[in-house]
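Inside the fold
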Amino acid sequence: MYGALLEARPLPPGTDLKRAFVAAMLAWIDAGWQLSEFSSRTGVFFCTRGVERRMVNITPTNPGAAHVYDATPGPRCASCED
C-alpha cells in the first residue's frame, strides 16, 4: 500500500493551489486527523489517525503519473548495495 494512490480530485484550471493546500489541511484536521510535518513549498503534508498515516499532496500534475524523486543511478549511499 505504500505509495498507492488512494484518491485524486481534479482542481479547476486557475485554482489557487496555496488556498487549496490550506483548505485540505483544515479539512483533514476537521475529520479527526493529526497533522505532522508539512511543506508549503512542495504542497505536501502528512497526517495520522490511530495507526494510519497518509500523505496528502496538492500538485499541478497528473496524479496517475509515476513520480521519481531520486533519479540518481547507482547505490544511494557508499555502504548500501541497493
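Procedures and definitions
Residues numbered from 1 in each chain as written. Predicted model: local features only at pLDDT ≥ 70, side-chain atom pairs only at ≥ 80, totals over all residues. Heavy atoms only, no water. Pairing = 2+ DSSP bridges. Helix = DSSP H or I, 4+ residues; strand = E, 2+ residues; numbered from the N terminus. Expected span 1.5 Å × (residues − 1). Buried < 20%, exposed > 50% of the residue type's maximum accessible area, 1.4 Å probe, protein only. Arc of directions from axis to C-beta. Contact = heavy atoms within 4.5 Å. Polar contact = N/O pair within 3.5 Å; in protein donor to acceptor, adjacent residues only side chain to side chain. Patch = residues over 30% accessible without salt bridge, like charges linked within 9 Å, V, L, I, M, F, W, Y side chains within 5 Å. Areas by Shrake-Rupley, 256 points an atom, 1.4 Å probe, with all protein chains shown as cover. Salt bridge = Lys/Arg side-chain N within 4 Å of Asp/Glu carboxyl O. pLDDT = per-residue confidence, 0-100. Phe/Tyr/Trp six-rings, centres within 6.5 Å; stacked < 30°, edge-to-face > 60°.

Thoughts on the pairing of strand β2 (residues 44–49)
Two elements, strand β1 (residues 34–39) and β2, share four bridges in a ladder whose sense is antiparallel. What sits directly across from Leu 35, in β2, is Cys 47. Linking β1 back to β2 in an antiparallel pair, the connection comprises four residues, with Gly 43 at a positive phi of about 70°. In this structure, β2 lies alongside strand β3 (residues 52–57), joined through six bridges in antiparallel fashion. For Arg 49, the partnering residue across the bridge sits in β3 and is Glu 52.

A word on helix α1 (residues 17–30)
Along its 14 residues, α1 runs 20 Å from first to last C-alpha, staying within 8% of the 20 Å computed at 1.5 Å per residue. Within the sequence span of α1, burial applies to Ala 20, Phe 21, Ala 24 and Met 25. Along α1, the residues classed as buried sweep out an arc of 140° about the axis, all on the same side. Facing away from the buried side of α1 by over 90 degrees, the exposed positions are Lys 18, Arg 19 and Asp 30. Those residues of α1 hidden inside the fold are in contact with β1 and β2. At the N-terminal end of α1, a side-chain oxygen is found 3.1 Å from the backbone nitrogen of Lys 18, two or three residues along, and the residue is Asp 16. Backbone geometry just downstream of α1 places Gly 32 in the positive-phi region, at approximately 95°.

Digging into a nonpolar patch on the surface
Taken together, the side chains of Val 22, Leu 26 and Ile 29 define a hydrophobic patch exposed on the protein surface, amounting to about 260 Å² of accessible area. Within the secondary structure, Leu 26 is located in helix α1. The class for Leu 26 is partly exposed, based on a relative accessible area of 48%.

Focus: the confidence of the model for the protein
Across the protein, the average pLDDT comes to 79, with 73% of residues at 70 or higher. β2 holds the highest mean pLDDT among the elements of the protein, 94, whereas β1 holds the lowest, 89.

Notes on the packing of aromatic side chains
Taken as a whole, this structure holds two aromatic pairs when the rule is applied. Here the aromatic rings of Trp 28 and Trp 33 are separated by 5.1 Å at their centres, their planes lie at 70°, and the arrangement is edge-to-face. On the basis of relative accessibility, which here comes to 22%, the residue Trp 28 falls in the partly exposed class. Among the residues examined, Trp 33 registers a relative accessible area of 5% and is labelled buried.

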